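Understanding the architecture of this molecule
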Amino acid sequence: MTLAVPGAPPAGSAEPAGRYRLALLLRLPQRVGTLCLLELQRIRHDPIELLTRTIQPALWLVIFGTTLSELRAMPTGGVPYLDYLAPGILAQSALFVAIFFGVQILGERDAGVLAKLMVTPTPRVALVAGKAFAAGIRAAIQGVVVLLLAVVLGVTLTGNPLKIVAALGVLVLGAAFFACLSLVLAGLVLRRERLMGIGQAIMMPLFFASNALYPVDLMPVWLRWIAYINPLSYQIDALRGLLIGTPARLALDVTILAVMAVAGIIAAGALLGRLTR
Amino acid sequence: MTETSAGDLAVCIRGLGHRFKQTEAVVDLDLDVRSGEIFGLLGPNGAGKTTTIRVLVTLLPMQTGQLQVFGHDVRRHKMRVRQLIGYQPQQLSADGSLTGWENVMLFARLFDVPRRDRRQRVDESLEMMGLADVAGRLVGTYSGGMVRRLELAQALINRPRLLILDEPTLGLDPVARATVWERVADLRARFGTTVLMTTHYLEEADQICDRVALMDRGRLRAVGSPAQLKTALGPGTRLDDVFRHYAGHKFEESGGYRDARSTRRTAGRLG
C-alpha cells in the first residue's frame, strides 16, 4: 500500500483552486448516487419495512377508496373515484416516507454516522441532496407496490411506460422536497422526539389540505388557498395527469416541485452543521 | 519540546479557542503533532480534547486561532483537509443495517477511491483489520471490538496521512482494547501514518504514544513523551501523577457516565 492521497494536492502545490473546486463539483452526482445506493442496500437488507409501510396506503385504497366509490358523491369529472384517489394515496405514501426522514438523520447524528459522513470531502448540499433523493428512491419503490395494488383493485392506469417512469420521477421529486423539509425541521429542533411530534402534526394537514381526496374546488376558500401553496397538490396534479390522464399542468407542477426541492436542499444544507455541534 | 520545522508537522495549532455559549471549551491552545508520530491528547471529561478534534476535522467552525493540517489551513481549505484525514468518532458509528463490506465501500466511494481500485482497497482494509471473514455479515451482529476495527478500516480507506481517533477504546473490554491498539501501532509501523488520538486510559497512552499532551479545563498543561514527563518528576512516577502535578488535581473520570450511556445506546442500536 502506498500513501498517495487521492485528489488532495500537497500544501503549496500549483493546482489552481478553481480547478480543484470544479473537480469536487463534478463529483456531486456521484455523491448523490452513492447515498441513494446506500438506501437501496438498506431496503435490500430489510424488505419487511417496505412491506409494512404499504399497509397504510393499502387501507386507504381498499377501505376508504372502495367505500367512497360506492357513494358516487365526489365530482371527479367522470373519473371513477378509486382511479381519482390512487395518485393521491401514492403521493401520501411518499409524503409519509419523507416527512420522517429527519428522524433518521437525527438517529445518524446520535450514532456518530453523520459526523463521519460530514468529515468526508462531500459538500453539505451534496449530503442533503443524497439523503433527499434516497428518500425519493424509497418512496418510488414503495410507490411501485402501491401502483400494483391499485391495478389489482381495478384502477385503470396508463399503459405508457414512459408516463409511469415520469410519474415515479415526480414521486421522487416530491419526496425529495418533503425530506428536505424534514431535514430543515431536524436542524431547527435537534431532537428526535420533537421532530416526531412536528411530523405527526403537519402530515395530516398537508394531506387533507391538498387535492388528494377531493377536488380543490370543493374546499372552502381559505382551505383552497392553503391547497394552492401546498406542494403536495402540485405533485398529485402531475401524478393524475400522467397516470390516469386527467387534465394537468405538468410543466408548472414539475417546475414548482423542482424549485421547492432545490430550495429545500439549500436550506437543509445550511442547517446541517447545527446537527453535529 | 524540541524545535520542529513546519514541513514536519502533521498538525499545527496556534492560539486555538472555542466557546459553547458561556463555556470556554478550549483556551488559547498551541500544539504541534509531528508527521509519523502517535500523539495522545489526554485529559478527563471537559478537558477540551474532543472539541479540539472536532475543530480539526472541520465539524466545528474555527472561532479563534489558527490550525493547519499538513500545511493546509482548516478554515480556508476544509475539503483538502478532509481528504488528508481518517476520522473515528467516539461513538460506535458503523451502520448496523449494512454489512461490513458495504460500510467500508460507502467510504471508498465518498473519498473518491478510483473505481478500478475500490474493491481491492476495501478487501485490503478489511483484511488488515482481521474482518475479511465476517465482511458479508450485517454489522448489527458484530461485537464492539469488531465494530471498532471496522471503523478503522473505514477510516483507512482513503489512505489518510493523519488518522484521528476519538476515544477509540471507550466501552471495550481489555482484549478488544488491546487488539485495537495493536492495529493502530501496526498502521504506523507499516505506512508511517500519523495518529492523533484521545483517550481516558493513561496506562494505554503511556504504552502506545510517542508523545502526549495533557489537557485540563480547556487548557494545555504539559506536552512531551511519556518517559520525559515521568522522568522529570522522578523515579516511579506514573502518567496520572504527571497529570496531578500539572493540573493541580487528580485525573478523574467524573462525567464518564454520559459516555458510558452513549456507548450503551450505540451498542443497543447495533444489536
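Residues numbered from 1 in each chain as written. Chains lettered and ligands numbered in written order. Predicted model: local features only at pLDDT ≥ 70, side-chain atom pairs only at ≥ 80, totals over all residues.

Before going further, it helps to examine the overall build of chain B. Secondary structure summary: chain B contains 10 helices and 10 strands in total. A compact globule built from 271 residues would reach a C-alpha radius of gyration of about 18 Å, and chain B, at 18 Å, matches this within 12%. Across its three principal axes, chain B shows a C-alpha extent of roughly 50 × 40 × 40 Å. A total of 271 residues make up chain B; the buried ones form 53% of that total. Considering only contacts within chain B whose residues lie at least 6 apart along the sequence, 69% involve residues at least 24 apart. (Helix = DSSP H or I, 4+ residues; strand = E, 2+ residues; numbered from the N terminus. Rg over C-alpha atoms; globule rule 2.2 N^0.38 Å. Buried ≥ 20, exposed ≤ 12 C-beta atoms within 10 Å, placed from the backbone. Contact = placed C-beta atoms within 7 Å.)

Moving on, we get to the overall build of chain A. Counting its secondary structure elements, chain A contains 13 helices and zero strands. For chain A, the sequential pattern of α-helices and β-strands runs α-α-α-α-α-α-α-α-α-α-α-α-α. Summarising its shape, the C-alpha atoms of chain A cover approximately 75 × 40 × 40 Å along the three principal directions. A total of 277 residues make up chain A; the buried ones form 45% of that total. For chain A, contacts bridging at least 24 residues in sequence account for 80% of all contacts bridging at least 6.

Another aspect to go through is the interface of chain B and chain A. Taken residue by residue, the interface counts 39 residues in chain B and 30 residues in chain A. Counting only elements with at least two residues in the side of chain B that touches chain A, the list comes to α2 (78-84), β6 (85-88), α3 (100-110) and α10 (256-270) of chain B. A per-class count over the side of chain B that touches chain A returns 18 nonpolar, 11 polar and 10 charged. (Nonpolar A, V, L, I, M, F, W, Y, C, P; charged D, E, K, R; others polar.)

Residues and elements named next belong to chain A. The end-to-end C-alpha distance of helix α4 (residues 55-71) is 24 Å, a good match for the 24 Å that 17 residues give at a rise of 1.5 Å each. The sharpest bend along α4 reaches about 30 degrees and sits at Gly-65. Buried residues along α4 sit in contact with α5 (81-99) and α8 (124-152). Following α4 by one or two positions, Arg-72 adopts a phi angle in the positive range, close to 50 degrees. (Expected span 1.5 Å × (residues − 1). Bend = angle between axes of the 7 residues up to and from the residue.)

Okay, unusual backbone geometry next. Residues and elements named next belong to chain B. Unlike most non-glycine residues, Lys-21 shows phi in positive territory, near 50 degrees. One non-glycine residue, Asp-112, lies in positive phi territory at about 60 degrees. When you line up the elements, Asp-112 lands in the loop between α3 and α4 (115-128). For Asp-112, a count of 21 C-beta atoms within 10 Å puts it in the buried group.

All right, on to the sheet that holds strand β2 (residues 23-34) of chain B then. Residues and elements named next belong to chain B. The antiparallel open sheet is built from four strands, whose spatial order is β2-β1-β4-β5. Two strands lie at the open edges of the sheet, namely β2 and β5 (72-73), each paired on one side alone. By the bridge criterion, eight bridges tie strand β1 (residues 9-20) to β2 in an arrangement that is antiparallel. When the sheet's bridge partners are listed, Leu-16 is paired in β2 with Leu-29. Sitting on the sheet, helix α1 (residues 49-56) is in contact with β1, β2 and β4 (64-69), with an inclination near 115 degrees to β1. (Pairing = 2+ DSSP bridges. Axes fitted to C-alpha atoms, helices over the stretch in contact; angles between N-to-C directions.)

Here we take up the confidence of the model for chain B. Residue and element names in this part refer to chain B. Taken as a whole, chain B shows an average pLDDT of 87; of its residues, 90% reach a score of 70 or greater. Counting contacts from residues 253-261, a segment whose pLDDT is below 50, to residues more than four positions away or on other chains yields nine contacts. Under a pLDDT of 50 for its full length, residues 263-269 has, in the predicted model, 10 contacts with residues more than four places off or in other chains. The ipTM for the predicted assembly is 0.84, set against a pTM of 0.85. (pLDDT = per-residue confidence, 0-100.)

Below, the discussion takes up the pairing of β6(B). All names here are of chain B. Going residue by residue along β6, you find Ile-85 and Tyr-87 tucked away on one face and Gly-86 and Gln-88 tucked away on the opposite face as well. The pairing of β6 with strand β7 (residues 162-166) spans four bridges and is parallel. From the neighbouring strand, Gln-88 faces β7, where its bridge partner is Leu-165.

All names here are of chain B. Strand order in the open sheet formed by six strands is β6-β7-β8-β3-β9-β10, and the pairing between neighbours is mixed. Across the chains shown, the open sheet's two edge strands, defined by having one partner strand only, are β6 and β10 (219-224). Sheet twist, expressed as the average angle between the axes of neighbouring strands with direction ignored, equals 15 degrees. Its contacts with the sheet put helix α9 (residues 239-247) on β9 (211-216) and β10, and the angle it makes with β9 is roughly 45 degrees.

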